[in-house]
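Residue-level listing of the chains:
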Amino acid sequence: MNQVKNAERKRLIFFVGMLILGAICILGYLAFTGNTNQTFTDVVIEHTAGDGSNKSAEKNLFYLFSIIGAVVYGIYFTVRKLGQSIDSLKQFKGRSFVLIALLVSLCTNLILYKKLSVIVLAALILVAFLSVINEANTVHGISFMFLSIYGICGLYRLAVFFGVNRAISINVIAVVALIISLAIGVINKDSKIYLRGMLVSQLLIPFALLVFIASKYTYNGEIVSIHMPKRILVLVVAIIAGFVAEAIYKIKNNWAEPKSLQNILSFGACVSIMSFNRFSGSGSIMPTDLHHYYENVIGYSQIFELGQKPFSEYIPVSGMYSVLHGAFFAFFGHGLATFYFVSANMFYLAVIFVIVFLLRKQLSAEWVLLISVLFLVTDYNRITLIVPVILLLTWPKTIENRNLWLKAWFLTSFIHGLYYPVFGAAVCMGFLPMGIWQIYRYAKNGELANDIKKPGFWGWWIVCFIPVLAGIPLLLGTLKHMLAMGSQTIYADGINRFGQIIPDGFMSYISNLPFKLAVYYILTYTVLISIVWLSVALFLYNGKVNKSMETALISLSVGLMFLVAFSYTVVRFDYYDIYSRSDGIVKAAFVVLIVLVSKMVKEHRGNAHWIFAFAIIILSVVSAEGFLQIDSNEKLQSSYAVPESCVYVADYKPRLGEGFIEADTYDYVMRTSDYMDTLDKNQSYMGIVDSFGLFYLCDMKGDSVMEVLNTIKGYGAVEETVDYLRRNDTIVGLNVSPFYNYYFYHWLLTSGDYIFDNNARLFIPNAGQLSQEEVLANNKNISLPLDYQGENIGKESGSFGKSIETLSKIFTENQTGYEMSDEGNSVSIQFAEPINGNDADFAYIEFESLPNDVQYILYDFHNPLVQDAESFGPLKGLLKRQYNSGMKVVVSWINDNGEECSQSCEMDEGKLLLPLGSRRGWLLNTISDITIKVMQDDKEIEVPEIKEIKFLKLREVE
């Protein structure tokens, strides 16, 4: 036994030591690379260039430290011979896991966010009480308390359904549940009373789902009811009735002699708990975000309602997830905006049904209840299939039937790959070693040789291949689109965590900003990386010590999944969100870790307590425990509070429906709808409006990726789009930014394929009615709503200027000579002969002898906030550096219309690449000279010495 403890203790100490050393090294890496320059190979203008950040270095951090840590631990495990087989067994007590979960949740939330959950506090009081009265009742007592909390929620929703018009506090619910739990413990020490109490609670819990059909709103001081789709009403009532019937069945069979939670825990209670925690939205109060919500459902509308052909006319951006979610929206919400939230809740309810079903198939009731209470299914629908697919592939009965498992892996990889390719590939590759192992064992034990002689073997595999073969065009279209967009991902989507301000509520009781910033960075990077390390550690333990290769490969799947998913999830770190896009895989890791801990407990082996604590920590770091959401989204309110800025609507054209909407949003939608009605709706459009929502609400066909401004940035993305436009004669609207969409803007103006119709204010395909020269003359100096974006352009020119060597491959230098002369505080550049702006649409200017004044900043939503660097001491390296603040370079010229035009940018470090062609009045104009000025805090100063000027032509999209 001592040998066991020593081996486990050594592994644990080494792992903790790795975490501490890794955190220190990560801070060092950030200090070393955080202010280095991104290497650009294409002109993609968005966050990376705008912030002057090095996204590639930050992304590489995750791979570098994940792999180094995995290798180091593997070497240590092997060299120290900590993997020798040991037969000693352990006895794990349920009480210890309860205590760990509660204490970790309490401490993490208290330390990081100064949050104190009354539910957790009440649960700890109950644990302390039961430890004195009867320790053996701890698991049943806590289970009863949580079930009674949700039972009270169900009772409250039932009361609201029958007319009660009062809110209830989660604190009141927690205290009532605690008092009942304490009373039962005092009255009777027998666990049967708790079990019977759970049976009663399960009778009430399903009524919590009545929140799905809540239809009362407080509007202008009055209670207003909005009708709910009948199919939702019928289905929700039917589900509740079914769950109540199940609860009654459990009571009938177990009331007299309730034996354990395993016997009495109902499927309906777990589904209801997880669904109630997840429930979100504001009922029939329409969302004002016309991009993200409709991005979730637009695919179904375009393909099945408007008849757009996927990957021929319309591109389902990033996958087919919007088709599945959109189908729920169409069926349950009738496709009306005011029913978006109610239909979304039905979509996630269906997913939760699958998750709970698969949990019940492989875990005991205690673990299922734990996950139901803690695991939160979030609204980010791209991650929806991750946990169901993982649970299917870790289901022991599926693993035992190797032929069945291989078919499940094959089909889920295909379906998940279509649904959201990045996460589909992550899960598929995560289970690749398991797939290889399954094939190996399948062949070695002779099963394969026997099965291939059976017609059923071939028949079922043919059935599996049919949808895959039918879906090959979709797979190829998805792959082609991903390759087209992939080259711009780092530049367009990249948002660094390095240099971000910390959230106001993060460790708010501490005034030491450097310390808090270091902790914030450590949590951002180390938690994700440590999950990979733990995955490798558990793989080695289960493979070497526990001698269970299947469990070892399940452990390894998490780390591999993370490494594949990192290609997307760590690219964009949204502000004030520690995990950001990695949230889904972290929660999936939590579920897998609980599955692995349950196996350790069952086998009486391993560091189950520490791994369990780690699983709870990764949720608590972002306050993601499901039960903390009980009082969110007005679930404990009798009606939705309609904001004063909203108005009541009942419009079905556009597709709003009955409900409430912000007045400004309503006016905008109606104006757009009226405009859309003047257009030919049999024609397809791109960039005609600025969001998916307006396309959807107005029933407009969209080609390619539909939106221009948010999507089409890089050369490859524009090439793909151009191919679609030429094929379909798509009409292009005004939502094109000459600055952010420069490649596309340049192509529209100069290719000759499109004519700008100034009367219709649209780009119309040139069907041969105008010659190339006529098109260029027509498109010169056109005015677009987003022209202003290329006038004052911030750090972008400095970001590109510092990559002039790697960008030189995509530029051709204009050889026209020029003379440079000083004119007061400005510099004049006189060309030897006038140049066409299309032949030199970029200018590279390099200054020398700059003061290079440095400020240290942190970004708040891309807005730089100057920091006191001296107060950071040795942690100053964690701040973003900003050079020559307030100093701007202004380039001006006269266009062919005699208008003075200009473009300005921040001086930065003095190497600047200006996209002059993005300013109205340069492209297609004849330029004789330009003037360069430098401003310091809006006052003109003498121009620093210019070391080099080059006029460059960017490659064109053919």
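The sections below set out a description of the structure shown in this document.

Cut-offs used in this document
- Residues numbered from 1 in each chain as written.
- Predicted model: local features only at pLDDT ≥ 70, side-chain atom pairs only at ≥ 80, totals over all residues.
- Heavy atoms only, no water.
- Helix = DSSP H or I, 4+ residues; strand = E, 2+ residues; numbered from the N terminus.
- Buried < 20%, exposed > 50% of the residue type's maximum accessible area, 1.4 Å probe, protein only.
- Salt bridge = Lys/Arg side-chain N within 4 Å of Asp/Glu carboxyl O.
- Disulfide = S-S within 2.5 Å.
- Core = buried A, V, L, I, M, F, W, Y, C linked by side-chain atoms within 4.5 Å.
- Domains from an automatic or database assignment.
- Contact = heavy atoms within 4.5 Å.
- Pairing = 2+ DSSP bridges.
- Axes fitted to C-alpha atoms, helices over the stretch in contact; angles between N-to-C directions.
- Left-handed = near helix turned anticlockwise from the far one by under 90°.
- Nonpolar A, V, L, I, M, F, W, Y, C, P; charged D, E, K, R; others polar.

The next subject is unusual backbone geometry. The amide bond that connects Lys-653 to the next residue, Pro-654, takes the cis arrangement and shows omega of 5 degrees. In this model, Asp-729 sits at a positive phi of 50 degrees, which is unusual for a non-glycine residue. Along the chain, the position of Asp-729 falls in the loop between helix H32 (715-728) and strand E8 (731-732). In this structure Asp-729 comes out as partly exposed when scored by relative accessible area, which is 47%. For Ser-849, which is not a glycine, the phi torsion comes out positive at approximately 60 degrees.

Locating Glu-644 in the fold gives a position in the loop between strand E3 (640-641) and strand E4 (646-651). For the pair Glu-644 and Met-686, spaced 42 residues apart in sequence, the C-alpha separation works out to 35 Å.

Let us now look at the pattern of salt bridges. Inspection of every chain in the model, using the stated rule, returns 27 salt bridges. Across the pair Glu-135 and Lys-93 runs a salt bridge, and its minimum N-O distance is 3.9 Å. Here Glu-135, found in the loop between helix H5 (118-133) and helix H6 (138-161), pairs with Lys-93, found in the loop between helix H3 (55-79) and helix H4 (94-113); they are 42 residues apart in sequence, far enough to count as distant. Exposure remark for Glu-135: the relative accessible area of 35% places this residue in the partly exposed category. Take Lys-93: its relative accessible area is 55%, and that puts it in the exposed class. Between Arg-655 and Asp-699 there is a salt bridge; the shortest N-O distance is 3.0 Å. Linking Arg-655 in the loop between E4 and strand E5 (657-662) with Asp-699 in the loop between helix H31 (692-697) and strand E7 (701-702), this pair joins segments that are 44 residues apart in sequence.

Here we take up the state of the cysteines. When the sulfur atoms of two cysteines share a covalent bond, that bond is a disulfide. Evaluated as defined, the whole model comprises zero disulfides. Of all cysteine sulfurs, the one in Cys-153 lies closest to Cys-270, which takes part in no disulfide; the gap is 15 Å. Cys-270 gets classed as buried once you look at its relative accessible area, which sits at 0%.

On to the nonpolar core. Within the largest apolar cluster, 331 residues are counted, with the highest numbers of intra-cluster contacts made by Phe-562 and Phe-847. Residue contributions to this core peak at 20 residues, all from helix H26 (residues 513-545). Residue-level mapping places this core at the junction of two domains, with at least three residues from each of domain 1 (645-787) and domain 2 (791-954). With residues near it in sequence (within four places) discarded, Phe-847 still touches Val-889, Met-907, Gly-910, Leu-912, Ile-932, Val-934, Val-943, Pro-944, Glu-945, Ile-946 and Lys-947.

The next thing to look at is the pairing of strand E9 (residues 754-757). Bridge analysis of E9 against strand E10 (residues 762-765) gives four bridges, and the strand direction is antiparallel. Of the residues in E10, the one forming a bridge with Phe-756 is Phe-763.

As a further point, take the packing of H4 against H5. At their nearest, the axes of H4 and H5 sit 10 Å apart, and the two run at 145 degrees to each other. Of the two possible hands of crossing, H4 and H5 adopt the one that is left-handed. Listed contacts from H5 to Arg-95, Val-98, Leu-99, Leu-102, Leu-103, Ser-105 and Leu-106 of H4 are Val-120, Ala-123, Leu-124, Val-127 and Ser-131. For the contact of H4 with H5, a count of residues per class yields nine nonpolar, two polar and one charged.

In short, the description is geometric, and any link to function would need to be established separately.
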